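Secondary and tertiary structure notes
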Amino acid sequence: MAEAVNYKQIGSSPIRPDGVDKVTGRARFGADLILPNMIHGRVLRSPHAHARITRIDVSAALAMDGVFAAICGKDFQDIHDASAVGGEGGGTVEDAAKNVMARDKVLYHGHAVAAVAASNPLLAEAALEAIEVEYEILSPVLDLVSAMADDAVLVDETNYTKGPKKADKPSNVANVGRLARGDLAAGFAQADITIEREYKVPMAHQGYIEPHACVANIDETGRGSVWCCTQGHFEFRGITAKILGKDMSDLKFIASEIGGGFGGKTVVYLEPLAVLLSEKSGRPVKMTMTREDVFRATGPTSATVAKIKLGVRNDGKITAADAWIAFEAGAFAGAPHMPGIMTMFAPYDIEHFAVEGFDVLLNKPKVAAYRAPGAPQAMHAMECALDEAALALAMDPIDIRMVNAAEEGTQAPYGPKFPIIGFKACLEAAKVHPNYLKPVPQGAGRGVAAGFWFNVGMQSSAEININEDGSVMVIEGSPDIGGSRASMSIMAAETLGVDYHSVRVQVGDTESTGFCNVTGGSRTTFATGMAVTQACEDVIAECKKRAAMTWGVDDDQVEWADGEVIPVPGVNADLKPLSLADIAGNAAKTGGPLQGRASINAQGAGASFAVNITDMAVDRETGKVDVLSFTAIQDAGTAIHPAYVEGQMQGGAAQGLGWALNEEYIFNAEGIMENAGFLDYRIPVASDLPMIDTQIIEVPNPSHPYGVRGVGETPIVAPLATASNAVSRALGQRVCDLPLSPPRLLNAIDG
Amino acid sequence: MARVLLPDSFSAVTGDVRELVSRALTYRELTTELQNRWPQLTELIARSAVAIDGQIYQDAFLEPLKNDSEVVFMARIEGG
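In what follows, the accompanying structure is described. (Residues numbered from 1 in each chain as written. Chains lettered and ligands numbered in written order. Predicted model: local features only at pLDDT ≥ 70, side-chain atom pairs only at ≥ 80, totals over all residues. Heavy atoms only, no water.)

1. Re the nonpolar core
Residues A:Met344, A:Phe345 and A:Tyr414 are the most contacted members of the largest nonpolar core, which totals 140 residues. Among the elements that take part in this core, helix α11 (residues 375–392) of chain A stands out by supplying ten residues, more than any other. Residue contributions to this core reach at least three from each of two domains, namely domain 2 (39–138 + 207–297) and domain 3 (304–455 + 606–749) of chain A. Once you skip the residues sitting within four places of it in the chain, A:Tyr414 turns out to touch A:Leu179, A:Met342, A:Ala346, A:Phe452, A:Phe454, B:Ile56, B:Val72 and B:Met74. (Core = buried A, V, L, I, M, F, W, Y, C linked by side-chain atoms within 4.5 Å. Buried < 20%, exposed > 50% of the residue type's maximum accessible area, 1.4 Å probe, protein only. Helix = DSSP H or I, 4+ residues; strand = E, 2+ residues; numbered from the N terminus. Domains from an automatic or database assignment. Contact = heavy atoms within 4.5 Å.)

2. Quick look at the side chain of A:Arg291
Residues and elements named next belong to chain A. Structurally, Arg-291 is set in helix α9 (residues 291–297). Among buried charged residues, Arg-291 stands out as having no salt bridge; its nearest opposite-charge side chain is Glu-210, 8.8 Å away. Polar contacts involving the side chain of Arg-291 include one to the main-chain carbonyl oxygen of Tyr-208, which spans 2.8 Å. Only 2.5 Å separates the side chain of Arg-291 from the backbone oxygen of Ile-209, close enough to count as a polar contact. When residues no more than four places from it in sequence are discounted, the contact partners of Arg-291 are Tyr-208, Ile-209, Glu-210, Pro-211, Gly-677 and Phe-678. (Lys, Arg positive; Asp, Glu negative; His and termini not counted. Salt bridge = Lys/Arg side-chain N within 4 Å of Asp/Glu carboxyl O. Polar contact = N/O pair within 3.5 Å; in protein donor to acceptor, adjacent residues only side chain to side chain.)

3. Some details on the state of the cysteines
Residue and element names in this part refer to chain A. Taken as a whole and judged by the stated rule, the model has zero disulfides over all chains. Cys-228 takes part in no disulfide bond, and the closest cysteine sulfur, belonging to Cys-214, lies 6.5 Å away. Judged by its relative accessible area of 0%, Cys-228 is buried. There is no disulfide at Cys-536, and the cysteine sulfur nearest it, in Cys-543, is 10 Å away. Judged by relative accessible area, which is 0%, Cys-536 ranks as buried. (Disulfide = S-S within 2.5 Å.)

4. A few points about the packing of helix α15 (residues 484–496) of chain A against helix α16 (residues 524–551) of chain A
Residues and elements named next belong to chain A. The geometry of α15 relative to α16 is characterised by a closest axis approach of 9 Å and an angle of 35° between their N-to-C directions. Where α15 crosses over α16, the handedness of that crossing is right-handed. In this structure, α15 contributes Ser-484, Ser-487, Met-488, Met-491, Ala-492, Thr-495 and Leu-496 to the contact, and α16 contributes Thr-524, Thr-525, Thr-528, Gly-529, Val-532, Thr-533, Cys-536, Glu-537, Val-539 and Ile-540. Here the contact of α15 with α16 is composed, by residue class, of eight nonpolar, eight polar and one charged. (Axes fitted to C-alpha atoms, helices over the stretch in contact; angles between N-to-C directions. Left-handed = near helix turned anticlockwise from the far one by under 90°. Nonpolar A, V, L, I, M, F, W, Y, C, P; charged D, E, K, R; others polar.)

These results come straight from atomic positions and should not be treated as a statement about function.
Laid out in structure tokens, this is it:
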């Protein structure tokens, strides 16, 4: 592994290569493509949360002048494919197909039941009104705990709780997971105090600013291109092809620029519809969602109910932990119950524990991944309970975490022993941070909590082409959401020993580069960066061969140093080093263009820990929370581009604070979301938050050539509990449920 | 011999066996051994990730196992 020393490019923070295009409006996002003869698609969505479709007829819409295609569930093939779709909460191919377009039943308000394509958007809207649908309305399943009861109304009569043996009867519980170690009774017997609480976290949306959008252009052979905003165009191609019964080679997917995803754009919604409408109409079809569509039919993340019991000794040592957490899956299975239970106790070394998690169907939109899926909800319960234990023991909240902190060699609750990790380093940094050392402002509360995410590797590909002048072209397949083109450029420049500005990175479409999994799981800088680094090393190996050929020496008589090939000591000292430009300029004579490539399934992702500190004040008359300060400390491994690492930390903190303080889906008794817009679903705006202070801890990951761990997920985990702990301390009473909105806090204040 | 830890989700198939040792020299040899003993584990193994000596693999195949290796089956993780 390369040590975090003497890097020339790693650790710099150059302006992102796509920055000017984005601030000037030149960058093209999902809805920006316009093609000749393009028509416009619209979706008819269910007005009911749970109903059987008894009749549907699109013929009147299709008969309208200017309407070129109309489709509904019967236009799609029957799919019985239980293989998994990529991404947390992806579910099965069959479920993804039924989520894209309802067949015999609608399972949530906003579920797609038909779609049209017409010459203009207004005509398409009018055509939707001509579609005839008759429903048999069913009782919606809306309450998480009630849905788990034996006698609950069933969302899906064919769902049996998954296990090696088929359950006796169908249920809304799709999956159950459990982790346990030690002897709970013995652990609780050692405790001096116990904390036992129930916590609720609401359903929340990823809240990306750019709504879903795509353009499909399919020819008469059924082949063509799809331009879309996505976190992973290769996986979008794969699932679209499966839903429509096509070969993957029939479809070229091109990733547009993307205005946020956070996990929510790992899922197809419009793309299969646009492809089918384009194929039927013979024209390019553009489809875009409204914000209301985005809220009602995409994302969100699970609401949860968690119960936890902690046993703690007087010295702060946790002797036992017992937890239960149920996750709302929405209409199809795939809630992040497993990562939830795997993260809940992850920062701590606990001898005796048990935790059970449930994946529960309800008549709500199917959940999708959202930054560190499952961890914010699960760790909210644990971190709040631990704060209460610290209060009960009159212990410093950082000290109680330090007493229990996992370190290298600790057996993680999810199984393996941790390799080198940076949790204690984060706690140590927090303890001496100026924002922790200063007095708590009068009337405010100070909250502390920890966060954790595994990070992942998965598959990535990269190609490097060296131009004749020695400048560098990198082609890779990870859509750039958080500045990855800059971090790829930095790693390529560092490896090749060239200037950052001589490297250009392009996100290739599905026909111009090798497969890449989604940009998600904090994997891109780690895994695609590893592919880019290996492709550069491929170039270096070729350069050494060419130089040896040029000099007439053996291959082992040359070496690479600082961007040049030089002779090894003892070989003709008069040989002048050959730069990348020298070798590229002479490439025609030595074997042709210089190219490197790598396709990998990256292993060895490094876990990332965080500690957050906040001071919050509560207005006792209005219930409004003021965030006075917020400090995010995180082990990022080596920070390739520190400014973008800080951006990820600040963005995750802002999203976590929004979820903690205000964001929630509000459903009426019929299962209709009543706040499907940014006026009523309130994400934080700049005036709501102070500058988020950051401190990057760099404990390099030994499994990555530059020590990368991955950054994007962990920052959203701790803010929920950090906020709860601050508000609870400010009020002098524990508030267990989120959001910490004025009505909830006024209720708490009023007793 | 490698020490192998099985998750709770395997227990419906493996009963009380939560931990075992194996002479397998690779991950493939280990999974073949487990599937021969418990054929119903095949699908569960396919849906699992595995940690070998602390390194998590989403798609392990021929990874070598050492005499003192620790192999832990666990749920797959992807993320958002």
